[in-house]
Amino acid sequence: MKRTITTIMLIWACSMTFAQDIFISKNANITFFSSTVVEDIEAKSASGLSVINTKSMEVVFRVENNSFRFPKKLMEEHFNENYMESDKFPNSTFKGKIQGSFIPGKNGSYPVTITGTLSIHGVSKTYSVPAELNFTNGNIAAKATFKVKIADHGIKVPSLVFKNIAEFIQITIQALYLPKQ
């Protein structure tokens with residue numbers, strides 16, 4: 001009986017340790033911005049989902065493409081129907097590893113690089129993204145800004161509106177990760 005209780009306590013302690021290695025963000029903010037001489041285009045989503053495993057230093061991220069909101073409804077329709085083909089490619093994802101001097105559990109700000117695969121519009125490409133991770137009071141705040149060449153992900157822009165959409169889109173991600181409960 002004593003051995004069974006000890007085994008159960010050991011399993012429970014291990015599972016609690018592993019849970020402390022997992023941080024989740026359920027409402028990460030993603031903004032993308034395109035600037036041309038003709039017009040600026042900006043869209044925002046506050047429904048990105050992400051997980052950081054601080055033991056393996058892995059990061060996964062997913063956003064539903066139709067969650068982006070634009071200032072003009074017509075832009076949103078064109079984005080989902082013509083460019084992202086959101087019915088065919090409903091999500092954009094990223095899976096990568098944190099590289100740098102991030103010390104989970106120690107309050108502080110850590111400049112890191114996150115290297116991994118970004119999948120947009122059914123096309124995957126490797127990126128190395130500079131990011132800042134802040135560990136404060138048991139939570140992780142993350143911020144990253146990087147550029148994506150839309151042609152690299154098979155997104156075609158009709159020649160009629162080619163001057164309205166930049167070749168590179170700036171993406172900014174901000175997320176607050178809480179420990180898995």
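One can find the structure itself at the top, above this paragraph.
Attention in this report is confined to the structure presented alongside it. (Residues numbered from 1 in each chain as written. Predicted model: local features only at pLDDT ≥ 70, side-chain atom pairs only at ≥ 80, totals over all residues. Heavy atoms only, no water.)

## Some words on the pattern of salt bridges
Put simply, the rule reads: Throughout this description, the term salt bridge denotes a Lys or Arg side-chain nitrogen within 4 Å of a carboxyl oxygen of Asp or Glu. Residue burial is assigned from relative accessible area. The probe radius is 1.4 Å, only protein chains are included, and a residue is buried under 20% of its type maximum, exposed over 50%, and partly exposed in between. In this description a helix means any DSSP run of H or I spanning at least four residues, a strand means any run of E spanning at least two, and both kinds are numbered starting from the N terminus.
Across all of its chains, the model carries four salt bridges by this definition. Between E76 and R69 there is a salt bridge, with the nearest N and O atoms lying 3.0 Å from each other. With a relative accessible area of 8%, E76 lands in the buried category. Overall, the relative accessible area of 47% leaves R69 in the partly exposed class. Residue K149 is joined to E167 by a salt bridge in which the shortest nitrogen-to-oxygen separation is 3.4 Å. On the criterion of sequence distance, the pair formed by K149 in strand β7 (residues 139–149) and E167 in the loop between β7 and β8 (168–179) is long-range, its members being 18 residues apart.

## Quick word on the side chain of T172
Under the convention used in this document: Here a polar contact is recorded for every N or O atom pair within 3.5 Å, except that within protein the pair must consist of a potential hydrogen donor and a potential acceptor, and residues adjacent in sequence are included only if both atoms are side-chain atoms. Only heavy atoms enter the contact rule, under which two residues are in contact if any of them lie within 4.5 Å.
Along the chain, T172 falls in strand β8. Here T145 takes part through its side chain, which lies 3.4 Å from a polar atom of the side chain of T172. When neighbours within four sequence positions are excluded, T172 is seen to be in contact with N29, I30, T31, K143, A144 and T145.

## Describing the sheet that holds β7
Cut-off, in case you're wondering: Pairing between strands is defined by DSSP: at least two bridges between them are needed. To get an axis, a line is fitted to the C-alpha atoms, and for a helix only the part in contact is used. The angle between two axes follows their N-to-C directions and goes from 0 to 180 degrees.
Strand order in this closed barrel of eight strands is β1-β2-β3-β4-β5-β6-β7-β8, and the pairing throughout is antiparallel. Along the sheet, successive strands turn relative to each other by an average axial angle of 25°, direction set aside. Here five bridges tie strand β2 (residues 40–53) to strand β3 (residues 58–64), and the two strands are oriented antiparallel to one another. Across the sheet, L49 pairs through a bridge with R62, a residue of β3.

## Digging into the pairing of strand β4 (residues 91–100)
For β3 and β4, the ladder comprises seven bridges, and the chain directions are antiparallel. Its bridge partner being in β4, E58 is matched across the sheet by K97. Here β4 runs beside strand β5 (residues 108–120); their pairing, made up of eight bridges, is antiparallel. From the neighbouring strand, Q99 faces β5, where its bridge partner is T113.

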